[in-house]
Amino acid sequence: EEAQNKLEELQNQQQQTESQITQMEGQAAQITAQLQTVYTSMQEAERQVLQCQADAQEAARALEQKQTEYNDSLTRSQDHLRAMQLLDGGGSVSLLTQAQNLYQLLTFTEVLQQIASKNNEILTELSQEAAALEESRQAAEAARQQAEEAKAELERQQQALSDTQQQLEGALQEANETWTQ
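1. Considerations on the overall build of the chain
Argument step 1. When helices and strands are tallied, the chain shows three helices and zero strands.
Argument step 2. Mapped in sequence order, the helices and strands of the chain form the string α-α-α.
Argument step 3. Within the chain, the proportion of its 181 residues that are buried is 17%.
Argument step 4. Sequence separation of 24 or more characterises 90% of the internal contacts of the chain that already satisfy a separation of 6 or more.
Argument step 5. Looking at the chain as shown, the accessible area adds up to about 13700 Å², and 49% of this sits on carbon and sulfur atoms.

Here it is, written out as structure tokens:
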């Protein structure tokens with residue numbers, strides 16, 4: 001009878017141990033699933049960071065191109081305005097003296113109006129390019145900020161993953177210690 005009691009006690013211990021093993025295997029599966037979820041979200045965050053960085057680089061390239069276009073337009077406008085200053089300083093009289101017939105004299109004001117119209121057109125275009133350049137600057141800055149925010153979020157997620165991993169390792173170690181006792 002004593003042997004029977006010991007046998008039953010050993011069988012009960014074996015069942016408890018098997019139950020603990022099954023429970024720990026379940027916990028390990030849950031931990032593995034949690035880690036996989038965290039790794040997946042980190043990969044997605046890294047992808048988003050890379051996309052934001054690519055967007056920021058594209059915005060910077062567009063800004064650089066707009067700046068070049070603006071500088072070219074500004075240079076052309078400055079050259080044109082210098083030429084107009086020369087006309088203002090006696091050039092218009094020179095143009096009048098070059099007139100060879102009455103028609104050229106009568107159309108002189110029309111030519112000056114065309115020049116003034118062209119000047120206004122150039123200045124309007126220059127103003128529009130300046131506005132587009134400012135928009136590009138703002139877009140580049142927004143893309144840069146978005147990339148920085150995404151990077152900061154990734155770092156937070158990496159820290160959370162590290163914390164979770166440490167907690168899970170602690171739980172596994174504790175479970176192993178409990179199981180070995």
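2. Structural notes on the nonpolar core
Argument step 1. The biggest cluster of nonpolar side chains holds twelve residues, and these are Ile31, Leu35, Val38, Met42, Ala45, Val49, Cys52, Ala147, Ala150, Leu154, Leu161 and Leu168.
Argument step 2. Among the secondary structure elements, those contributing two or more residues to this core are helix H1 (2–97) and helix H3 (108–180).
Argument step 3. No other element matches H1, which puts seven residues into this core.
Argument step 4. Setting aside residues no more than four positions away along its own chain, Ala45 makes contact with Leu154 and Gln157.
Argument step 5. Counting eight residues, the second-largest nonpolar core is a separate cluster that includes Tyr70, Leu133, Ala140 and Ala143.

3. Describing the side chain of Ser73
Argument step 1. Within the secondary structure, Ser73 sits in helix H1.
Argument step 2. By relative accessible area, Ser73 is classed as buried at 5%.
Argument step 3. Excluding anything up to four places from it in sequence, Ser73 contacts Glu125, Leu126 and Glu129.

4. Quick look at the pattern of salt bridges
Argument step 1. According to the stated counting rule, one finds eight salt bridges in the structure shown.
Argument step 2. Between Arg144 and Glu141 there is a salt bridge whose closest N-O contact spans 2.3 Å. With Arg144 and Glu141 both in helix H3 and three residues apart, this pair spans about one turn of that helix.
Argument step 3. Several salt bridges converge on common partners, so that one network encompasses Glu141, Arg144 and Glu148.

5. Brief notes about the side chain of Glu129
Argument step 1. When you line up the elements, Glu129 lands in helix H3.
Argument step 2. The side chain of Glu129 sits in the buried core without any salt bridge; Arg76 is the nearest counter-charge, 5.0 Å away.
Argument step 3. When residues no more than four places from it in sequence are discounted, the contact partners of Glu129 are Glu69, Tyr70 and Ser73.

The rules behind the values
- Residues numbered from 1 in each chain as written.
- Predicted model: local features only at pLDDT ≥ 70, side-chain atom pairs only at ≥ 80, totals over all residues.
- Heavy atoms only, no water.
- Helix = DSSP H or I, 4+ residues; strand = E, 2+ residues; numbered from the N terminus.
- Buried < 20%, exposed > 50% of the residue type's maximum accessible area, 1.4 Å probe, protein only.
- Contact = heavy atoms within 4.5 Å.
- Areas by Shrake-Rupley, 256 points an atom, 1.4 Å probe, with all protein chains shown as cover.
- Core = buried A, V, L, I, M, F, W, Y, C linked by side-chain atoms within 4.5 Å.
- Salt bridge = Lys/Arg side-chain N within 4 Å of Asp/Glu carboxyl O.
- Lys, Arg positive; Asp, Glu negative; His and termini not counted.

These figures capture arrangement, not role.
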